[in-house]
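Geometric and topological summary
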Number of protein chains: 4
Amino acid sequence: MEKKINIGLLGIGRIGKLHARNLLCSVPNAKLYAVADPYMNDETREWVKAMGIENCYEDPEKIFKDDVIDAVFICSSTNTHAEFIKRAAKAGKHIFCEKPIDTDLGKIKEALEAVKEAGVKLQVGFVRRFDHNHKAVRDTVASGKLGNPNIVKVTSRDPDHQPMEYIKVSGGIFLDMTIHDFDMVRYLAGSEVTEVVAYGAALSGAGYDQYDDVDTAIIMMKFANGALGVIDNSRAAHYGYDQRTEVHCDKGCVQVSNDLNNQAMISTAEGVEIAKPTWFFLERYNDAFIAEAEAFAEAVLNDTDTPVTGTDGLAPVKIALAAAKSLKEGRIVKLDEID
Amino acid sequence: MEKKINIGLLGIGRIGKLHARNLLCSVPNAKLYAVADPYMNDETREWVKAMGIENCYEDPEKIFKDDVIDAVFICSSTNTHAEFIKRAAKAGKHIFCEKPIDTDLGKIKEALEAVKEAGVKLQVGFVRRFDHNHKAVRDTVASGKLGNPNIVKVTSRDPDHQPMEYIKVSGGIFLDMTIHDFDMVRYLAGSEVTEVVAYGAALSGAGYDQYDDVDTAIIMMKFANGALGVIDNSRAAHYGYDQRTEVHCDKGCVQVSNDLNNQAMISTAEGVEIAKPTWFFLERYNDAFIAEAEAFAEAVLNDTDTPVTGTDGLAPVKIALAAAKSLKEGRIVKLDEID
Amino acid sequence: MEKKINIGLLGIGRIGKLHARNLLCSVPNAKLYAVADPYMNDETREWVKAMGIENCYEDPEKIFKDDVIDAVFICSSTNTHAEFIKRAAKAGKHIFCEKPIDTDLGKIKEALEAVKEAGVKLQVGFVRRFDHNHKAVRDTVASGKLGNPNIVKVTSRDPDHQPMEYIKVSGGIFLDMTIHDFDMVRYLAGSEVTEVVAYGAALSGAGYDQYDDVDTAIIMMKFANGALGVIDNSRAAHYGYDQRTEVHCDKGCVQVSNDLNNQAMISTAEGVEIAKPTWFFLERYNDAFIAEAEAFAEAVLNDTDTPVTGTDGLAPVKIALAAAKSLKEGRIVKLDEID
Amino acid sequence: MEKKINIGLLGIGRIGKLHARNLLCSVPNAKLYAVADPYMNDETREWVKAMGIENCYEDPEKIFKDDVIDAVFICSSTNTHAEFIKRAAKAGKHIFCEKPIDTDLGKIKEALEAVKEAGVKLQVGFVRRFDHNHKAVRDTVASGKLGNPNIVKVTSRDPDHQPMEYIKVSGGIFLDMTIHDFDMVRYLAGSEVTEVVAYGAALSGAGYDQYDDVDTAIIMMKFANGALGVIDNSRAAHYGYDQRTEVHCDKGCVQVSNDLNNQAMISTAEGVEIAKPTWFFLERYNDAFIAEAEAFAEAVLNDTDTPVTGTDGLAPVKIALAAAKSLKEGRIVKLDEID
């Protein structure tokens, strides 16, 4: 039988349940041993039981203290990530942490320092790196067969608005939404972003301007390897989750279009209809969530580097802060200016 | 919590394991309560245990006799299907049976008679009906918005040859492989096949002619509703699993291309490359296997008709026998001639 | 400057005007020297003049007798083709003749005999061979890089019904419409058809059955090289001109989809819309008409074989007659039975 | 017969010949009456004769002075455009002028002033507006059915490097190449650009940096209507002419992919190959060149506005100058700063 790592999962909300289900059913090299959540309620407790998870706690310490547990999945709210990382590191547990580690650079660095001292592994949940499409783009670029990257492009549009109560506390589009794309461009380019310039606008009429936020943005960037990049974002594409990437290199281009709901084409005198893109991240990135958990377990079992490191957790936050500064000040911002 | 039916699974080979894993992980309205296999060995027993299945037997009777079990999944070899259906029906269990029920029309009819007498539900495992692509074609046709079907087309090519030992006992291409497509054309046309004419050839050099079989076939057919149909088959497409369907109706056409491994396009001076179709049925139809199990459980829970009935299990076998007769005798064969 | 052949064009109806315009504007190695049409009227005469064509006759003999003319384009009605071929051959003119040469095998053979005796070149107007899409399929097959052809498929659907007065005298779907597809399968397979079996139906309600004709057909065939083939036809696709071909070979498959009006994709919450196929043969095959004329002129100038010979003119008529016989008699018909 | 305008064409180089051939063969409402070129040589004179053009001059004045001529096509080198426009306007001729009018804003304005005073029509040769793909994007946006534009994207990559001698005197990428895209974004957005910020790099190793030029660029812009835009450019895509546009609006997105050489797909065990995009502007925009000439003639005949006005000729030059300034100074540049 396959070797498995024992996992304690912290925070059993929407994303926690998603990881729990995957760990139980689809990740062969991991066993979900326990879950803990200070806000555990009866409904959740029943869900945990019905899923066949053996141990269900309110107190996270029960997980940190249990020697049978090899690693933790931190799926609680963002403001608890840095603290949980430090505690898990101290307890000698390997760590999978949902993105972002924090929105404060100082707290991120403290957490990364604790990980380094403890010598445990850390993987940050930038799940899109494990998507079959984006990975195909990155693998093609990384293979070198197209030469060096020249232009890196990411289109990333959510299907529809989040509730305005969420937007109010989201930290702004760059830290909340574009952060995935900032990770993606680093992943695709294989190089660090050195400067950015951002345009943004509240065009939807949904009220983003009330919170000094935007629903539409384009961000241009330079990479250390000389390549140029651009991301375009919309909070509400309406036709589905629009997630396309493209890298133009010395010798050619690799690009991916969206996964569609199906491959049907209906042709009549009135026109030709094809299927819409998959609706949102659950539909589009479900297999990627499984793959990232499997990769984490594999890194632990084989004692190799995780595929998304602490550095990968820190860098996109810096870029997001730079983009926000650029938008606010109406100028190009060098990453050196941040922190 | 959701209501679940208790399932006993018979035959824990490749397809049995596939269903077992889906029932355990992905089918919310079913619980895999027990598995039974007369050829149970230690390795399989360990697999069953590791998957967390509570009851593991050699004797199928333990399943038929257990009152807690609502339904059986018959995943054993084809020659056992009819007998297991009769025993399950007698025991009052609802039945999901892998395709085909049998290759002998008399045995199929006996089994269906037993099901009818017992008043239990039967669903036959024509899984492709639950594929997102073919279902989109069928739903479009069935909606009537394109008018009546005129031409029904199915392309169905396996990625590579099965071992010749398998081919030797397979019953021939029409009963072994095209049977899925005979089900598909009935499903798409919404009408019964009334006559067929088949062309076939052994072109691959792999030796099908030794067993009086073919690796390449085209079969033309008429439907009771006046539509015409055609299926083309190859045992070895090499580029992957080629599974396309198309229906041309009074007012237009609906067609589906293949699912691809990813949506990447790589463009260079040498040419433009896209991804291959998914490799075989496990990759292409995994979600469909989940959907068919879920639909079966739902039919049992709601006491409604199953989506693939005993009639649907019988008809494709008759068409396959007619096609084989057509190929052998070099003439058009009416379905009336069979049985 | 390029060398040009002098052309006399016979029959200045719709297809004659199409060739005339191409010869004048787009075929660099040909000069349209004269046109002749016994039914020449004032309007046509003015059109000829406005196009800058120097010589305009009623009497075809003026073309046959003029030594400056190297070749004729026969664009008159089908029943005049064979006779004009014989007269042109006698006059020592090379011949481009619109398809079909005739619908009577005896007349075709006489015409081909005259061509052979005179030692002039003959090209028959199977224009689809010069289409960029079908040619890509054929060139891939002919290159041998995919091995031998196993399955040849042609989908050929007209956008909408012809007037019933036309259908009445058309000779039936196989001689009028499918004849292009019978040429296409020979071209793609690189082999002769040895037997056919045809299904047909009048499903549109437009009245084809009044004339013992059908609007929907599927025809299956065998080739001398062992490959199998299938054509499906509809008189009224409604969504445009559906012209797709596909050849599956030992090592893989080459297929072409339709040219579309444009590459636009419009995505909204309601769905995703793409452009329809080009409407009919003028839109789809205009470049092919130019290419076939250029290829004819080149064969004349270089004294090489024409790309579509007299044999290519005869064979599809035989297949069409066999298909009609098959449909009428409800059986497989061998080509040997024809003629 | 159709009414035609008489055209005198100035400058019979590559682009002049292209327009001449189209006017002769494919533009029904225009007659190419004369061509003039001070650098006329024997070869060109022969070409003109062979094409059947009646009048061939060295002196452009012969065209300006001939009362039978309604309009001129200015196809000479850019530095002569403004002067020829002024002379043609004075002579009362309508004017089609290849892009750009000039690279000097002062000279452009003088030319436009002369046009205005003379009351003649002027159309500038931004041919891509007449491409079936880009036009489909623009027409969808302009119809208003998707709401207001939010994001306008243009990808524009040439297939391969121009000779370095050409680059040296080209005026830089923004004035030479991106100028088409600056026109395109105005056309698609239906609004004026108000500010730009440009990134550029010489990444190909072909030596653009010697001339203070770049081969790779991304330019971000704002429009008066609130929309944001981005253009990405490469001088050498290698896989063909990459010309894609996309507009995301309030209710959805319209986008176009490239025209391909054909619709073939070749699938084998090694992979799946499709055709490359058409090679360059002659292949991609040939029909657009015809359509723009036809539209010009129509505007003259019907006394309506031309579809690409003097304002449309001026604006992209201003944007190009702003982009160049942005790249040089490393900052966002408002269009107000130019001129």
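Fair warning: this is a prediction, and the values are worked out from it, not measured in the lab. (Residues numbered from 1 in each chain as written. Chains lettered and ligands numbered in written order. Predicted model: local features only at pLDDT ≥ 70, side-chain atom pairs only at ≥ 80, totals over all residues. Heavy atoms only, no water.)

1. With respect to the overall build of chain A
Our working rule: Helix numbers and strand numbers start at the N terminus; a helix is a DSSP run of H or I with at least 4 residues, a strand a run of E with at least 2. Radius of gyration: over C-alpha atoms. The globule rule applied is 2.2 Å multiplied by the number of residues raised to the 0.38 power. Categorising residues by exposure relies on relative accessible area from a 1.4 Å probe, with only protein chains included: less than 20% of the type maximum marks a residue as buried, more than 50% marks it as exposed, and the intermediate range marks it as partly exposed. Working rule for contacts: check all heavy atoms of both residues, and any pair within 4.5 Å makes them a contact. Note on areas: Shrake-Rupley with a 1.4 Å probe; residue coverage comes only from the protein chains shown. Counting rule applied: Lys, Arg positive; Asp, Glu negative; His and chain ends not counted. Working definition for charges: the position is that of NZ of Lys, CZ of Arg, CG of Asp or CD of Glu.
Looking only at helices and strands, chain A has 11 helices and 15 strands in total. For 339 residues, the compact-globule estimate of 2.2 N^0.38 gives 20 Å, and chain A sits close to it at 21 Å. Taken across its 339 residues, chain A has 62% of its residues classed as buried. Long-range pairs, those at least 24 residues apart, make up 70% of the contacts in chain A with a sequence separation of at least 6. On chain A, roughly 13,000 Å² of surface is accessible, and the fraction owed to carbon and sulfur atoms is 46%. Treating the 39 positive side-chain charges of chain A as one cloud and the 52 negative ones as another, the clouds have centres 3 Å apart.

2. Considerations on the relation of the copies chain A and chain D
Both copies of the chain are related through a single rotation about an axis accompanied by a shift along the same axis. Put simply, the rule reads: Superposition of the copies was done by least squares, using only C-alpha atoms of residues whose pLDDT is at least 70 in both.
By a simple turn and slide, chain A fits onto chain D: the slide is 0.0 Å along the axis, the RMSD is 0.0 Å, and the turn is 180 degrees. Seen this way, the second copy is the image of the first under a two-fold rotation axis. Within chain A, the C-alpha atom positioned nearest to the axis of rotation is that of R331(A), 3.2 Å from it. Of the residues that chain A buries at the interface, 100% are likewise interface residues in chain D, meaning the two copies contact each other through the same surface.

3. Focus: the confidence of the model for chain A
Stated formally: One confidence number per residue, pLDDT, is output by the predictor and ranges from 0 to 100.
Averaged over every residue, the pLDDT of chain A is 96; residues scoring 70 or more account for 99%. Prediction confidence for the complex, expressed as pTM and ipTM, is 0.97 and 0.96 respectively.

4. Overview of the pairing of strand 10 (residues 228-234) of chain C
Residues and elements named next belong to chain C. Basically, it comes down to this: A strand pair is defined by DSSP finding two or more bridges across the two strands.
Burial analysis of strand 10 places seven of its seven residues in the buried class, which makes it a mostly covered element. Residues L228, V230, D232 and S234 of strand 10 are buried on one face, and the alternating residues G229, I231 and N233, pointing to the opposite face, are buried as well. Note that strand 7 (residues 149-157) and strand 10 share seven bridges and pair parallel. Each bridged residue has a counterpart across the sheet, and for I151 the counterpart in strand 10 is L228. The pairing of strand 9 (residues 216-223) with strand 10 spans seven bridges and is antiparallel. In the sheet register, I219 faces strand 10, and the bridge partner there is I231.

5. Focus on the pattern of salt bridges
What counts, and what does not: A pair is scored as a salt bridge if a Lys or Arg side-chain nitrogen falls within 4 Å of a carboxyl oxygen belonging to Asp or Glu.
Tallied over the full model, the rule gives 108 salt bridges over all chains. One continuous salt-bridge network, built from bridges that share partners, spans K153(A), E246(A), R157(D), D232(D), D242(D) and R244(D).

6. Some words on the packing of helix 8 (residues 173-189) of chain C against helix 10 (residues 310-329) of chain C
Residue and element names in this part refer to chain C. Selection rule: For helices, the axis comes from a line fit to the C-alpha atoms of the stretch in contact; other axes are also lines fit to C-alpha atoms, and the angle between any two N-to-C directions lies between 0 and 180 degrees. Orientation labels follow simple angle bins: below 35 degrees gives roughly parallel, above 145 gives roughly antiparallel, 65 to 115 gives roughly perpendicular, and whatever is left gives oblique. For any helix crossing, the convention is left-handed if the near helix is rotated counterclockwise from the far helix by under a right angle, and right-handed if that rotation is clockwise.
Helix 10 packs onto helix 8 with a crossing angle of 120 degrees between their chain directions and a minimal axis gap of 8 Å. With respect to their mutual orientation, helix 8 and helix 10 come out oblique. Crossing handedness for the pair helix 8 and helix 10: right-handed. Touching F174, L175, I179, F182, D183 and R186 of helix 8 are T311, D312, A315, P316, V317, I319, A320, L321, A323, A324 and L327, all from helix 10.

7. Quick look at the packing of aromatic side chains
Here a ring pair, both rings aromatic, is described through the centre-centre distance and the interplanar angle of the planes. Which entries qualify depends on this criterion: Planes of paired rings set the category: under 30 degrees apart is stacked, over 60 is edge-to-face and the rest tilted, where pairs are Phe, Tyr or Trp rings (Trp by its six-membered ring) whose centres lie within 6.5 Å.
Going through the model one piece at a time under the given rule, you end up with 36 aromatic pairs over all chains. Aromatic side chains Y241(A) and F280(A) sit 5.0 Å apart centroid to centroid with 80 degrees between the ring planes, which places their arrangement in the edge-to-face category. Pair noted here: Y241(A) is in the loop between strand 10 (228-234) and strand 11 (242-249) and F280(A) is in the loop between strand 14 (271-274) and helix 10 (281-302), with a separation of 39 residues, a long-range link. Each of the two residues, Y241(A) as well as F280(A), counts as buried. Measuring from ring centre to ring centre gives 4.5 Å for F73(B) and F96(B), while their planes differ by 20 degrees; the resulting arrangement is stacked.

8. Considering helix 6 (residues 132-143) of chain D
Rules: For a helix, the expected span equals 1.5 Å multiplied by the residue count minus one. By the criterion applied in these results, polar contacts are pairs of N or O atoms within 3.5 Å in which, for protein atoms, one can donate a hydrogen and the other can accept it, and in which residues neighboring in sequence qualify only through two side-chain atoms.
The terminal C-alpha atoms of helix 6 of chain D lie 16 Å apart, and with 12 residues this matches the ideal 16 Å at 1.5 Å per residue to within 8%. Lining the buried residues of helix 6 of chain D we find strand 13 (264-268) of chain C together with strand 7 (149-157), helix 8 (173-189), strand 11 (242-249), strand 12 (252-256) and helix 9 (281-302) of chain D. A distance of 3.1 Å separates the backbone nitrogen of N133(D) from a side-chain oxygen at the start of helix 6 of chain D, and that oxygen is part of D131(D).

9. Observations concerning the pairing of strand 11 (residues 242-249) of chain B
Residue and element names in this part refer to chain B. For strand 11, the buried fraction is high: eight of the eight residues fall into the buried class. Of the two faces of strand 11, the one lined by D242, R244, E246 and H248 and the one lined by Q243, T245, V247 and C249 are each fully buried. Taken together, the eight bridges between strand 7 (residues 149-157) and strand 11 define a ladder with antiparallel strand orientation. Across the sheet, the residue bridging to V154 is T245, located in strand 11. With five bridges joining them, strand 11 and strand 12 (residues 252-256) adopt antiparallel strand pairing. Pairing of H248 across the sheet is with C253, part of strand 12.

10. Quick notes on empty space enclosed by the protein
To be explicit about the condition: Every definition here rests on a 1 Å grid over the protein atoms only: cavities are sets of points where a 1.4 Å probe fits but cannot get out, pockets are open sets enclosed by protein on both sides within 12 Å along at least five of seven lines, and lining residues have some atom within 4 Å of a point. Grid points are joined across faces, edges and corners, and a volume is the space filled by probe spheres set on the points. Here the nonpolar group is Ala, Val, Leu, Ile, Met, Phe, Trp, Tyr, Cys and Pro; Asp, Glu, Lys and Arg are the charged ones; every other residue, Gly included, is treated as polar.
Using the criterion set out here, one finds seven cavities of 30 Å³ or more in the structure. The volume enclosed by the second largest cavity comes to roughly 70 Å³. Lining the second largest cavity, in full, are K153(A), V154(A), I218(A), V230(A), I231(A), D232(A), K153(D), V154(D), T155(D), V230(D) and D232(D). Broken down by secondary-structure element, the contributors of at least two residues to the lining of the second largest cavity are strand 7 (149-157) and strand 10 of chain A together with strand 7 and strand 10 (228-234) of chain D. The residue inventory of the lining of the second largest cavity, partitioned by class, reads six nonpolar, one polar and four charged.

11. Notes on the interface of chain A and chain D
How large an interface is tends to be reported as the accessible area lost when its parts come together. To be explicit about the condition: Note on terms: buried area is the combined drop in 1.4 Å-probe accessible area of two parts once they are placed together, counting the loss on both.
Contact residues are listed per partner, giving 43 residues for chain A and 43 residues for chain D. Both sides of the chain A and chain D interface together cover about 3,100 Å² of buried area, and 66% of this is carbon and sulfur. Its largest share of buried area at the contact with chain D, chain A owes to Y199(A), I218(A) and M220(A), together 24% of the area lost on that side. Applying the counting criterion to the chain A and chain D interface returns six salt bridges. Here R157(D) makes a salt bridge to E246(A), at a shortest N to O gap of 2.8 Å.

12. Overview of the sheet that holds strand 6 (residues 122-124) of chain C
All names here are of chain C. Taking strand neighbours across the sheet as the criterion, the six strands line up as 3-2-1-4-5-6 in an open arrangement whose pairing is parallel. The open sheet terminates on both sides in strands that have one partner only, identified here as strand 3 (55-57) and strand 6. Across the sheet, the axes of successive neighbouring strands diverge by a mean angle of 25 degrees, strand direction being ignored. The pairing of strand 1 (residues 5-10) with strand 4 (residues 71-74) spans four bridges and is classified as parallel. Bridge assignment links L10 to a residue of strand 4, and that residue is I74.

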